[in-house]
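Chain and residue survey
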Amino acid sequence: MKKRLICFSLALVLSIVSLLPVYATGSGHQLHTFNYNEWNIPVPSPDAYRVADFILGEHLGIGHFNNPRDLQVHGNLLYVADTENHRIVINEFFEDGTFDVADVVEHVFIDGVPSTFDRPNGIFVSPWAFNYGEIWIADTHNNRILHVDSDWNLITLIDRSKLERSALEEHNAFLPNKIAVDFSGRIFVQATHVNRGLMEFDHDGYFAGYMGAPDVTVTPWERFWRMLATREQRDRGWLFVPVEYNSVSIDREGFLMVTTASEDVESVRRLNAMGSDVMIRNGFDDPQGDTWWGSAGHIGGPSVLVAATGLPNGTFVVFDSNRGRLFKYDTQGHMLYAWAGTGHHEGFFMNPSALDSMGFDLFALDAQMGAITRFVLTEYGTLINEALELYQRGHYEESYTLWREVLRMNGNFQHAYGGVARALLRRGYYRQAMHYFRLTNDNSNFGRAFGFYRRIWMEENFWIFVVVVGVLVIVPPVVKKVLKVRREILAS
């Protein structure tokens with residue numbers, strides 16, 4: 001009896017395990033890749049990225065990275081702001097996938113005299129043609145921004161002397177953290193104690209004002225209590241001021257990507273030259289990282305985004321310091337997938353600080369572990385990229401085929417159903433598109449497909465209406481005439 005019970009239990013366990021979904025991965029261990037469905041429930045997914053390199057200072061022979069705060073990709077070079085070591089480390093990546101240290105820089109030259117860094121927090125290397133390869137360093141605790149050439153000779157120095165008196169409160173030091181420079185030479189700086197947006201400087205380093213400050217939303221309840229508050233209460237805390245950004249980067253089209261930890265405004269924004277947010281938000285939820293969260297591992301609350309980077313096909317990735325996750329979105333703001341988490345092993349993070357891309361490869365920086373993680377696409381991630389690109393280029397037949405292949409690998413990926421539906425819609429298969437839009441609960445596009453389908457059906461079946469109308473118009477008078485004649489015959 002006991003042996004029979006054990007056999008039955010084992011058979012039951014094996015049958016349950018056999019029903020669980022199996023996902024292909026591109027690395028030795030899964031990165032806990034997932035997506036959210038329309039009910040904000042996490043749905044497992046195959047890994048779209050895998051860890052290609054886990055880089056420590058010890059591996060490079062330069063000693064431990066100490067609280068590195070920023071990194072910047074320029075061609076095949078990776079610049080790292082090794083903050084507490086007061087240096088910039090430059091790594092070179094080769095076509096065969098190997099890498100090596102190209103240089104370690106601890107000072108710039110001002111009029112030929114070396115001037116050392118003091119905890120540099122940010123770095124930017126120009127990709128633009130007119131100043132290609134020139135470098136800007138946020139030399140934070142020296143209270144300055146250094147603009148240097150490729151030989152580290154000073155071109156422009158930006159310090160408090162180039163600020164207007166109203167740019168900073170007198171008791172606040174000038175503490176630049178992250179830098180981005182656009183194709184016209186304008187310099188945008190995210191700085192500590194600045195909550196009016198990004199500090200903007202002209203190409204000569206002179207302060208030009210603030211740009212991109214997020215609007216402050218004040219509820220009627222807050223307005224009511226402000227009316228009742230005393231002057232002392234208002235002075236102490238009843239100030240409705242914009243929030244601080246915590247990062248800035250620039251994408252390939254010249255738009256600024258900024259993030260903030262505040263829950264009162266959008267977590268990530270895409271700013272044009274006027275400082276207006278032009279990010280498209282057509283997903284089930286706005287790009288914000290996690291849309292559902294618990295309190296597992298004593299970590300609660302929403303995502304705290306600390307970095308964002310744009311990719312060549314218009315998609316972008318944001319980095320969450322709360323749970324160590326990365327989230328990828330398409331050009332319309334639909335979340336494609338998320339991966340990674342909190343931990344001390346490869347592909348996971350303890351204190352995310354920066355993110356950048358080399359093509360579609362991602363470089364994620366962890367300040368606490370002093371480590372750079374390089375992620376590369378898996379077959380699954382490559383298929384999604386290719387399907388998105390083909391659709392954007394108008395190759396709907398090819399994109400349909402790839403989206404079907406993506407669904408073969410992951411039947412839980414709603415965005416793939418949407419991709420199939422949009423490809424069918426563009427190809428004129430409206431009835432089939434309606435089916436897939438219904439699967440994704442996309443009522444707006446379902447209505448569009450239905451409208452096209454209804455018009456075509458009416459055109460193809462118009463003769464039915466002609467016959468019906470003809471019958472309704474002609475038959476009653478004829479019947480009436482026949483009955484009248486019949487009555488006359490019978491009466492005679």
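Everything quoted here is computed from the prediction, not taken from an experiment.

Once that is clear, we can look at the sheet that holds strand β4 (residues 70–74). Strands sit in the order β4-β5-β6-β7 across an open sheet of four strands; the sheet is antiparallel. Two strands bound the open sheet, and with one partner strand each, they are β4 and β7 (99–105). Strand-to-strand, the axes of this sheet are offset by a mean angle of 20°, without reference to chain direction. Direction of pairing for strand β6 (residues 87–93) relative to β7: antiparallel, over a ladder of six bridges. Bridged to Ile88 within β7 is Val105.

Another aspect to go through is the confidence of the model for the protein. When the pLDDT values of the protein are averaged, the result is 86; 87% of them are 70 or greater. Considering only residues more than four positions removed or in separate chains, one finds that residues 1–28, a stretch of pLDDT under 50, has 15 contacts.

Attention shifts here to the sheet that holds strand β14 (residues 176–181). The strand order across the open sheet formed by four strands is β14-β15-β16-β17, and the pairing between neighbours is antiparallel. Edge positions in the sheet fall to β14 and β17 (207–211), since each has one partner strand and no second. Across the sheet, the mean angle from the axis of one strand to that of its neighbour is 30°, orientation sign disregarded. As judged from the three bridges shared by strand β15 (residues 187–191) and strand β16 (residues 198–201), these two strands associate in the antiparallel manner. Paired with Phe188 across the strands is Glu200, a residue of β16.

This brings us to the side chain of Ser115. Tracing the sequence through the fold places Ser115 in strand β9 (residues 113–116). Taking the relative accessible area as the measure of exposure, Ser115 reaches 16% and is therefore buried. Within polar-contact distance, the side chain of Ser115 engages the side chain of Arg144 at 2.9 Å. Sequence-distant contacts of Ser115, that is, excluding residues within four places in its chain, are made with His107, Val108, Ile110 and Arg144.

With the rule as written, the count across this model stands at 18 aromatic pairs. The rings of Tyr49, Phe319, Tyr337, Trp339, Phe349 and Phe375 are connected pair by pair, giving a single aromatic cluster. Above the plane of the ring of Tyr206 lies Lys162, whose end atom (NZ or CZ) is 4.9 Å from the centre.

Each value, and the rule that gives it
- Within each chain, residue numbers correspond to sequence positions counted from 1 in written order.
- In keeping with the model being predicted, local features are shown solely for residues with a pLDDT of at least 70 and side-chain atom pairs are shown and tallied solely at 80 or more, while totals for entire chains, interfaces and linings include all residues.
- Side-chain figures throughout are based on the complete set of non-hydrogen atoms in the structure, without hydrogens or water.
- For two strands to be treated as a pair, DSSP must find no fewer than two bridges joining them.
- In this description a helix means any DSSP run of H or I spanning at least four residues, a strand means any run of E spanning at least two, and both kinds are numbered starting from the N terminus.
- Axis definition: a line fitted to C-alpha atoms, limited for helices to the stretch in contact. Angles are taken between N-to-C directions and run from 0 to 180 degrees.
- By definition, pLDDT measures how confident the predictor is in each residue, and it falls between 0 and 100.
- Any two residues whose heavy atoms approach within 4.5 Å are treated as being in contact.
- Three labels apply to residues, based on accessible area from a 1.4 Å probe with only protein chains included: buried if under 20% of the type maximum, exposed if over 50%, partly exposed otherwise in between.
- Polar contact is defined as a pair of N or O atoms within 3.5 Å, subject to the rule that within protein one atom must be able to donate a hydrogen and the other to accept it, and that residues adjacent in sequence are counted only when both atoms are side-chain atoms.
- Ring geometry is summarised as follows: Phe, Tyr and Trp rings, the Trp one being its six-membered ring, pair when their centres sit within 6.5 Å, and such pairs are stacked at plane angles under 30 degrees, edge-to-face over 60 and tilted between the two.
- The criterion is that NZ of a Lys, or CZ of an Arg, lies within 6 Å of the ring centre and within 35 degrees of the ring normal, and then a charge sits over that ring.

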